[in-house]
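Summary of the model geometry
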Amino acid sequence: MLNTNFEPCDFVLFGTLGDLARRKLLPSLYQLEKANLIHEGSQIIGVARTELSKDEYIKQVKDNIEKFTGETLCPDTWTRLENKLEYVKVDMVNPDSYQAFTSHVDPDRVMVCYFATPPSIFGDICRGLKAADIIDDTVRVVLEKPIGHDLASSKIINEQVAEYFNEKQIYRIDHYLGKETVLNLIALRFANSIFATNWDHNSIDHVQISVAESVGIEGRWGYFDDAGQMRDMVQNHLLQVLSLIAMEPPATLDADDIRDEKLKVLKALRPIDQSNFSTNTVRGQYIGGFVAGQEVPGYLEEPDANQASRTETFVAIKAEIDNWRWAGVPFYLRTGKRMPAKTSEVVIYFKRQPHNLFKDSFANLPPNKLVIRLQPDEGVEVTVMNKVPGLNTSGSMDLQKSQLNLSFSEAFSDERIADAYEKLLLEVMLGNQALFVRRDEVEQAWNWVDSIMAAWQSSNEPPEPYQAGTWGPVDSIGLLAKEGRSWFQQKNLKPKGK
Ligand SMILES: NC(=O)C1=CN([C@@H]2O[C@H](COP(=O)(O)OP(=O)(O)OC[C@H]3O[C@@H](n4cnc5c(N)ncnc54)[C@H](OP(=O)(O)O)[C@@H]3O)[C@@H](O)[C@H]2O)C=CC1
Ligand SMILES: O=C1O[C@H](COP(=O)(O)O)[C@@H](O)[C@H](O)[C@H]1O
C-alpha cells in the first residue's frame with residue numbers, strides 16, 4: 001500500500017454542483033488542503049451543465065464548504081484552495097461540448113476524473129473525454145456507487161467504461177472502505193496474533209455486522225425507492241465489511257492482493273434463493289414513529305411517496321460462507337433506516353469455554369466478544385471475565401464481566417478522524433487502488449444480492465412493517481432467537497443524523 005506518488009494532478013469533478021459534491025467531496029478537498037495533502041501544483045476543475053462564472057462557482061464552493069464542514073474557514077487554506085479552482089460548463093451527454101474543457105487541463109500530468117453524476121451518463125462522459133482526445137494512461141476515473149441496479153446493468157456500465165479505460169485506471173468508490181475503523185479491521189486482524197490465530201470456526205461462534213441509521217431517506221425518494229436498503233447498503237458497504245472480516249490474509253497490502261482475497265469470500269457466500277430466503281432473510285419498511293423523541297413519518301408518508309411501494313428500508317440476513325475457515329459460522333447482517341440511533345458495529349462472538357470451572361458464581365459463562373465500533377464513538381472493545389477482588393468464606397471465586405475498551409477519541413485525542421471521502425480522494429490522487437472495489441467484486445456482490453431480491457419478488461409478500469425508532473421488524477429478532485442468539489445492543493446510544 002506504500003505509495004510516494006505525491007505529484008500534481010488535474011482533479012476534474014464532474015457533477016460539481018450536485019448533492020454529493022457539495023456535501024462530501026468539496027468539503028473533503030478543503031480538509032485535504034488544510035492538511036497540505038493536495039500538491040501545490042494541482043488544480044480542481046468543477047464541471048456541470050449550469051452556466052456559471054468562475055467567481056460565482058468559487059462563491060458557491062466556499063458557501064458549501066462552510067455549511068457542510070460547520071467550520072469558519074482558515075483564510076490561508078481557503079486562499080490556497082481557491083487558487084486551484086476552475087469551473088467549466090459541459091453538457092456531459094454531448095461529446096462536442098467537451099472541447100470547452102481541454103484548454104484547462106495539462107496533458108503532461110495525471111488527470112483524475114471523478115464522476116459524481118448519475119451512473120446512466122458515465123458512458124457519455126467517457127465518450128466525451130475521448131472526443132476531446134484527452135484520454136491516455138495517466139487518466140484515472142472514479143465511479144460512484146451504486147454501479148448499476150443489478151448484475152446485468154452493472155455489467156453494462158462497467159463495459160461502457162472499460163471501452164475507454166483499463167481496470168488499473170478505474171477507482172470504484174465504496175466510502176465505507178475509507179472509514180478509519182473499517183481500515184482498522186485490517187490492522188486488527190493482521191497485526192495482532194491474539195486475533196489472527198483465533199479467527200475461524202474453531203474459535204468463533206458467529207459474527208454480527210449492524211449498520212443502523214436514524215435518518216429516513218432524506219428527501220431522496222426517487223433514488224431510494226428504486227434502490228431499497230439492499231442495493232443501497234448491503235450490496236456494497238455491508239458486503240465489503242464482511243469481506244474484510246472473512247478474507248484470508250493477503251500476501252501483501254497491494255491492491256490486487258487484498259481484492260483477490262475479498263473476491264474469494266464473495267464467491268464463497270452460500271446462495272440465498274427461493275428455497276431458503278424465508279429462513280435466512282427479513283425485510284422491513286418503516287411506519288411512522290418517534291426517533292429521539294421526535295415524531296417522524298412512515299416511509300409511505302415521505303414526500304413524493306408512492307403508496308403502493310414495497311421497497312425495503314430494513315434488511316437482516318443470515319449469511320454463510322462455504323469455505324474451510326468459516327464452515328458453520330453464521331454472519332448476521334442487519335441494516336435499516338429510521339432506527340433508534342446511528343450506530344454501526346461488527347461484533348465477533350467467540351465460542352464458550354468447553355468446561356465451566358465457575359459454576360458456583362456463573363451457571364453459564366458468557367462468551368468473549370470483540371466489538372468493533374465503526375461509528376460513532378469509534379473504538380474496539382473486548383468483553384472478558386475476571387475475578388471480583390476480595391475475600392470470602394464460601395470458597396468460590398466471584399466473577400464479573402468487564403470491558404477492555406479502546407476508544408479512538410480518547411486514545412488518539414490529538415488526531416482528527418478524517419471523513420472517509422478525504423481518505424479516498426487522497427488515495428486516488430496518489431494512485432493507490434487498494435481501497436477501491438474491483439469490477440469482479442462488484443459483479444460478484446450483485447450476483448448474490450440479485451438472487452435474494454428475485455426470491456423476494458417471486459414470493460409476492462410485502463416487507464414487514466416496523467415502527468420508526470425501533471430496531472426493525474420482530475422477525476429480525478426471530479432470525480437470531482431461533483438459533484439461541486440475540487442482536488448485540490450498544491449502550492448509551494445517542495440518536496444522530498447524517
Ligand atoms: N448524494 C449522495 O449522498 C450520494 C450520491 N452517490 C452517487 O453520486 C452520484 C451523484 O449523486 P448526487 O450528487 O446526489 O446527484 P445530483 O443529481 O445531486 O447531482 C448530479 C450532478 O450531475 C450533473 N449532471 C447531471 N446530468 C448532467 C448532464 N447531462 N450534463 C452535465 N451535468 C450533468 C448535475 O449538473 P447541474 O447541477 O448543472 O444540473 C449535478 O451537478 C450518483 O451516482 C449517486 O448515486 C453515492 C453515495 C451518496
Ligand atoms: O451510501 C450510502 O451511505 C449512507 C450511510 O453512510 P454513513 O457513512 O453515514 O454510514 C446512507 O445513508 C445512504 O442512503 C447510502 O446511499
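Residues numbered from 1 in each chain as written. Chains lettered and ligands numbered in written order. Predicted model: local features only at pLDDT ≥ 70, side-chain atom pairs only at ≥ 80, totals over all residues. Heavy atoms only, no water.

For the protein, an unreviewed UniProt entry supplies the name Glucose-6-phosphate 1-dehydrogenase and the organism Opacimonas viscosa. Quoted verbatim from the Pathway (unreviewed entry) field of UniProt, the annotation for the protein is "Carbohydrate degradation; pentose phosphate pathway; D-ribulose 5-phosphate from D-glucose 6-phosphate (oxidative stage): step 1/3." (UniProt positions renumbered as here; feature names shortened; annotations may be inferred.)

Turning our eyes to something else, we now look at the UniProt feature "binding site: substrate" (unreviewed entry) in the protein. According to UniProt, the "binding site: substrate" (unreviewed entry) feature falls on His175, Lys179, Glu213, Asp232, Lys337 and Lys342. Overall, the relative accessible area of 2% leaves aspartate 232 in the buried class. Apart from the residues lying within four places of it in its own chain, the contact partners of aspartate 232 are Lys145, Arg220, Tyr223, Phe224, His237 and Lys337. With respect to the secondary-structure elements, lysine 337 resides in the loop between β12 (331-336) and β13 (343-350). Looking at lysine 337, the relative accessible area reads 3%, which means it is buried. When residues no more than four places from it in sequence are discounted, the contact partners of lysine 337 are Glu213, Val215, Gly216, Phe224, Gln229, Asp232, Met233, Tyr286, Thr313 and Tyr466. (Buried < 20%, exposed > 50% of the residue type's maximum accessible area, 1.4 Å probe, protein only. Contact = heavy atoms within 4.5 Å. Helix = DSSP H or I, 4+ residues; strand = E, 2+ residues; numbered from the N terminus.)

Now for the environment of alanine 187. Tracing the sequence through the fold places alanine 187 in helix α7 (residues 180-190). Each C-alpha atom, one on alanine 187 and one on leucine 391, is 41 Å from the other, the two residues being 204 residues apart in sequence.

Before going further, it helps to spend a moment on the packing of helix α1 (residues 19-34) against helix α2 (residues 54-69). Where α1 contacts α2, the two axes come as close as 9 Å, and the packing angle between them is 90 degrees. Judged on the interaxial angle alone, α2 and α1 are roughly perpendicular. On the side of α1, the interface is formed by Arg22, Arg23, Leu26, Pro27, Tyr30 and Gln31, while α2 contributes Tyr57, Val61, Asn64, Ile65, Phe68 and Thr69. Its residues placed into classes, the contact of α1 with α2 shows 7 nonpolar, 3 polar and 2 charged. (Axes fitted to C-alpha atoms, helices over the stretch in contact; angles between N-to-C directions. Parallel < 35°, antiparallel > 145°, perpendicular 65-115°, else oblique. Nonpolar A, V, L, I, M, F, W, Y, C, P; charged D, E, K, R; others polar.)

Peptide bonds are, in most cases, trans, and in most cases residues other than glycine have a negative phi. Of the consecutive residues lysine 145 and proline 146, the connecting peptide bond is found in the cis state with omega at -5 degrees. As for its position among the elements, proline 146 is in the loop between β5 (139-143) and α6 (151-162). A positive phi angle, close to 55 degrees, is found at asparagine 36, a residue other than glycine. Mapped onto the elements of the fold, asparagine 36 is located in the loop between α1 and β2 (43-48). Notably, glutamate 218 is not glycine yet its phi reads approximately 55 degrees, a positive angle. Mapped onto the elements, glutamate 218 comes out in the loop between β7 (204-212) and α9 (221-246).

This brings us to the nonpolar core. The biggest cluster of nonpolar side chains holds 127 residues, and the ones touching the most others in it are Phe14, Phe101 and Leu129. Among the elements that take part in this core, α9 stands out by supplying 10 residues, more than any other. Those residues in contact with leucine 129 that sit more than four places away from it in its chain are Phe14, Tyr98, Phe101, Met111, Cys113, Phe115, Ile134, Ile135 and Phe165. Grouped together as the second largest cluster of nonpolar side chains are 15 residues, Tyr299, Met339, Tyr466 and Trp487 included. (Core = buried A, V, L, I, M, F, W, Y, C linked by side-chain atoms within 4.5 Å.)

Strand order in this open sheet of 6 strands is β3-β2-β1-β4-β5-β6, and the pairing throughout is parallel. If you trace the sheet from one side to the other, it starts and ends with β3 (85-89) and β6 (170-172), each paired once. On average, each strand axis in the sheet is tilted by 20 degrees relative to the strand beside it, whichever way the strands run. When β5 meets β6, the two strands line up parallel, connected through 3 bridges. Within β6, the position partnered with valine 142 by the bridge is tyrosine 171. Across the face of the sheet, helix α5 (residues 122-131) comes into contact with β1 (9-14), β4 (110-115) and β5 while running at roughly 150 degrees to β4. With respect to the sheet, helix α13 (residues 420-430) is in contact with β1, β4, β5 and β6, its orientation differing from that of β5 by roughly 155 degrees. (Pairing = 2+ DSSP bridges.)

The full count for this structure, using the stated rule, is 34 salt bridges. For arginine 438, the salt bridge identified is with aspartate 260, shortest N-O distance 2.9 Å. Of this pair, arginine 438 sits in the loop between α13 and α14 (439-459) while aspartate 260 sits in helix α10 (residues 255-268), and the two are 178 residues apart along the sequence. Given the relative accessible area of 32%, aspartate 260 is considered partly exposed. Notably, a salt bridge pairs glutamate 483 with lysine 318, separated by 2.6 Å at the nearest N-O pair. (Salt bridge = Lys/Arg side-chain N within 4 Å of Asp/Glu carboxyl O.)

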